[in-house]
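What follows is the residue order along each chain.
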Amino acid sequence: MRGSGPLAMARLRTMPATLAIGGAITLAWIVVAILAPVLTGFDPVKVDVMQALKPPGAEHWFGTDAIGRDVLARTLFAARYDLAMAFFGVVGPIILGTIIGLIAGYLGGRIDAALMRILEVTVSFPYFVLVIAIVAVLGPGLKSYFISLTLVNWVSYARLVRSQALVLRGVDFVLAARGMGFGHLRIMLFHILPNAIVPSIVFVMTDAVLAIVLGSSLGFLGLGVQPPTPEWGAMIADGQTYLTTAWWIAIFPGIAICLLALGLSLTADGLARLLNTES
Amino acid sequence: MDRRVFLKSAALAGFSIATLPATLLRANADGSKILRMGYGSEVLTLDPIKTTYGADILVQGMMYARLLHANPDRTEVGPGLAESWDIADDGKTYTFHLREAKFSDGSPITAEDVAFSWNRMRFQKDSAYAAPFQPLTKIEAKDARTVVMTLDRKFTPFLTLTEIWNTGIVPKAAVEKMGDDAFAKAPVTSGPFKFVELKPGDRVVLGRNEHYYREGEPKIDGVEFRYVPDDNTRVSMLQAGELDVCLAVPAPRMAELKAAGFRADPEPSSTTYDMLINHSAEPFNDLKFCQAVSYGIDRTAINAAVTLGLGTPASSIMSPTLDYFDKSLPVIARDVEKAKALLAESGKTGASFELIQNAGSADEEKAAVLIQAQLAEVGITVNIAKIDSTQAWTRLADGEYQAEMNWWYNETRDPDNALRWCVWGAGDNKSYYTRYNNEMVNKLIDEASGEADNAKRAELYAQIQKIVVDEVAQVALYHPTWLNAYAPSVKGLILNVGLQFSSIGGASLD
């Protein structure tokens, strides 16, 4: 038996409905992010005090905020930053976590023990506090946010991959591969990894939602994107005090963030179904 | 005078979600009248000499009696613990004659206690706000009822300062017995209310002081001063009847509360909202550049967007509520052409600067983004850096900043301590950390504080205001009002310009 994973066997015709819907929503947001300048004629950072707090209408479809910025333009442009936070927020952790988990789980022994101690030290700090501390040291901005997430969030993936690798290293096709004299690297990459990565792929979708939430929270603390850059979390925070008088400032970015989260969650669910049934 | 209370509260709002009190019922199950106030920052100490923090000042104002007592809106000060006072002809010796009064534990308030409290405030090393009392050199108890204070120069604002929170009278015996730290957590008081309980991070509970010297006061049985960091939660608590007073209401919610029958009218405040600039660093080390920035900013637009018209755009660095405010000064108008010309003259064309904004403050963010957009039209690039308020404060104090959104208020209506706080280069805080230092201004401030004649003082203060606006000591933006909302049952209570409930003794709760 070849060490091909379930991914290779996934076939489109068996795609679960949740994956189709979730994927479509997520894809739609990516399109919106790319086409934002085409979709709206307004500049998301242009202030116009004379146009402040205008309710949704013919000119400003989603109304304007407290300093007269177009809420629609800000909501659309914000997709760029929020999607970037979702994507880059998980891409670093999954790469680092997978490498560490794979090595630890496959090689075992002292290397495993050492890597797991590092992991324990990392998780012994409260997650949010550690991210804030790292961002504070590196300075505010998206780049330091990504670095800090990578340094903190790899543990989830390392654990997932390690537990899979621990099991897989004893199964027949891996033993057979060893018997044939394949090197460790080859076995890890081509035989263990494709099978061990499955739970991570499902998890990554949920994690992306958490990355957006975390990014927005950091924005609230001044450690995320800086004003006047549009970002959903920051927009909701801005609109909070206007909820009873100018609901549109917070509601539209709120809907946007819910939609993206829904899309990602459905995708995760669909992926889980797809990969489980196939394997 | 730095009472960064509102800022801090806003900054904390991000991660501390207000916990609702366990009991949603009124605290007056037994029929007692407890006034419940909600504020956005936490009470940190109950020792009047150890703080310059808004929440502390508000609470301590209700706990400690002072030598003089202000009327509700603090337009004048009259007899307090001192029934009368004499000022020597040379203006340097003040003699206060005390009335018979008692502390909350029933022990008498003597001249000895007054001298002790004042000496602590003036000379103890960790006294937080001794600065305005520089001319005061000696405080002594002449006999059981007489306190004599000696100044080294004529100092007209002195009497108005005998009412501010940190001159609150504390019992010598209790402080010495308990030590400062223990006293700060469970003090014996001299004002309308006695200390009942302090729950850090939650509330301070005060009870009626049966021994308070003002007959028939206080009318209510106690005060609960609750820490509710999130602005909107605080408003909801007022609407739900869990609070009687909501302090620091966000401007957009005032109209709604008023319509719902709450007393929600803006109250005059001595606050100036400003952009502090670092005169010792690039690019603000050039007068022409500072002026270019000042002319490039549209104060009227900022005031309209941030306060929704409940404040006034700045014409002076001093608030219009202060005495000797120069009414003849026009609102500092925007003039883009002039700003561009000044920028060219300064040789800093294409300059940029970092504008620090306290994270979590929606008002500051709005103002900062507007400044950014307005100065872009002049050709100056502003990079906004939203940072946590503690770090922002440290950088300000250390001079490691270019510009920072900020605000300050004054305790008294007399402008002396305001000016010493914000433009007096000879002070410890280097003109509120702007490093602005004009010998002429320093001299005029000293001269004005020694002048007894009102007309002459007015003239001197007008002169100072003109210079500091011309030289952009700080970029004053607008003067907001205190935005508080009171339940209809609360009667006779207002917050005055100096962030004090001076009328709390006479306030009632139906």
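Residues numbered from 1 in each chain as written. Chains lettered and ligands numbered in written order. Predicted model: local features only at pLDDT ≥ 70, side-chain atom pairs only at ≥ 80, totals over all residues. Heavy atoms only, no water.

Draft legend 1. Region of the structure containing the overall build of chain B. For chain B, the helix and strand inventory stands at 17 helices and 20 strands. Taking the contacts inside chain B whose residues are at least 6 apart along the sequence as the reference set, 70% of them involve residues at least 24 apart. In the structure as shown, chain B presents an accessible area of about 18000 Å², 52% of it carried by carbon and sulfur atoms. Treating the 53 positive side-chain charges of chain B as one cloud and the 68 negative ones as another, the clouds have centres 2 Å apart. (Helix = DSSP H or I, 4+ residues; strand = E, 2+ residues; numbered from the N terminus. Contact = heavy atoms within 4.5 Å. Areas by Shrake-Rupley, 256 points an atom, 1.4 Å probe, with all protein chains shown as cover. Lys, Arg positive; Asp, Glu negative; His and termini not counted. Charge placed at Lys NZ, Arg CZ, Asp CG, Glu CD.)

Draft legend 2. Quick peek at the interface of chain A and chain B. Contact with chain A, which involves 20 residues of that partner, is made by 26 residues of chain B. Both faces combined, the contact of chain A with chain B buries some 2000 Å², and carbon together with sulfur accounts for 65% of it. At the surface where chain A touches chain B, the tally comes to 0 salt bridges. Summed over the shared surface of chain A and chain B, the number is 3 residue pairs in polar contact (both at pLDDT 80 or more). Taken together, the residues of the side of chain A that touches chain B break down into 11 nonpolar, 7 polar and 2 charged. (Buried area = accessible area lost by both parts, 1.4 Å probe. Salt bridge = Lys/Arg side-chain N within 4 Å of Asp/Glu carboxyl O. Polar contact = N/O pair within 3.5 Å; in protein donor to acceptor, adjacent residues only side chain to side chain. Nonpolar A, V, L, I, M, F, W, Y, C, P; charged D, E, K, R; others polar.)

Draft legend 3. Expanded view of the packing of aromatic side chains. Counted by the stated rule, this structure contains 24 aromatic pairs over all chains. On the numbers, 5.5 Å between centres and 55 degrees between planes, the contact of A:Tyr145 with A:Phe146 is tilted. The exposure classification of A:Tyr145 matches that of A:Phe146, with both residues buried. Grouped by ring-pair contacts, the aromatic residues B:Tyr94, B:Phe96, B:Trp118, B:Phe133 and B:Phe158 constitute a single cluster. The aromatic ring of A:Phe182 is capped on one face by A:Arg186, whose charged end is 3.8 Å from the ring centroid. (Phe/Tyr/Trp six-rings, centres within 6.5 Å; stacked < 30°, edge-to-face > 60°. Buried < 20%, exposed > 50% of the residue type's maximum accessible area, 1.4 Å probe, protein only. Lys NZ or Arg CZ within 6 Å of the ring centre and 35° of its normal.)

Draft legend 4. Quick peek at unusual backbone geometry. Omega for the bond connecting A:Pro227 with A:Pro228 falls within 30 degrees of zero, at 5 degrees, which places this linkage in the cis form. The peptide bond linking B:Glu282 to B:Pro283 adopts the cis configuration, its omega dihedral lying at -10 degrees. For B:Pro283, the position within the fold is in the loop between β12 (272-277) and α9 (287-296). Phi at B:Arg74 is positive, roughly 55 degrees, even though this residue is not glycine. Structurally, the position occupied by B:Arg74 is in the loop between β2 (68-70) and β3 (77-79). The phi dihedral of B:Ser431 falls on the positive side, at around 55 degrees, and the residue is not glycine. Tracing the backbone shows B:Ser431 in helix α15 (residues 430-433). What makes B:Ser431 buried here is its relative accessible area of 0%.

Draft legend 5. Structural view of the pattern of salt bridges. Residues and elements named next belong to chain B. Under the counting rule described, the total for this entry stands at 34 salt bridges over all chains. Note that Asp414 is salt-bridged to Arg457, the shortest N-O span being 2.9 Å. Here the residue Asp414 occupies a position in the loop between β16 (403-408) and α14 (416-422), and Arg457 occupies one in helix α17 (residues 454-470), the gap between them amounting to 43 residues. Using a relative accessible area of 2% as the deciding quantity, one classes Arg457 as buried.

Draft legend 6. Structural view of the sheet that holds strand β10 (residues 222-227) of chain B. All names here are of chain B. Strand order across the open sheet formed by 6 strands is β8-β9-β10-β1-β11-β18, with mixed pairing between neighbours. Each end of this open sheet is capped by a strand with a single partner; those strands are β8 (193-199) and β18 (485-486). Examined bridge by bridge, β8 and strand β9 (residues 203-208) share 6 bridges and lie antiparallel to one another. Bridging across to β9, Leu198 finds its partner in Val204. (Pairing = 2+ DSSP bridges.)

Draft legend 7. Highlighting the sheet that holds strand β7 (residues 146-151) of chain B. Residues and elements named next belong to chain B. If you trace the 4 strands from one edge of the open sheet to the other, you get β4-β5-β7-β6, paired in antiparallel fashion. The sheet is open, and its two edges are formed by β4 (82-87) and β6 (136-143), each paired on a single side. The average undirected angle you get between the axes of adjacent strands in this sheet is 20 degrees. The pairing of β4 with strand β5 (residues 93-98) spans 5 bridges and is classified as antiparallel. Paired with Asp86 across the bridge in β5 is Thr95. Sitting on the sheet, helix α3 (residues 111-123) is in contact with β5, β6 and β7, with an inclination near 170 degrees to β6. (Axes fitted to C-alpha atoms, helices over the stretch in contact; angles between N-to-C directions.)

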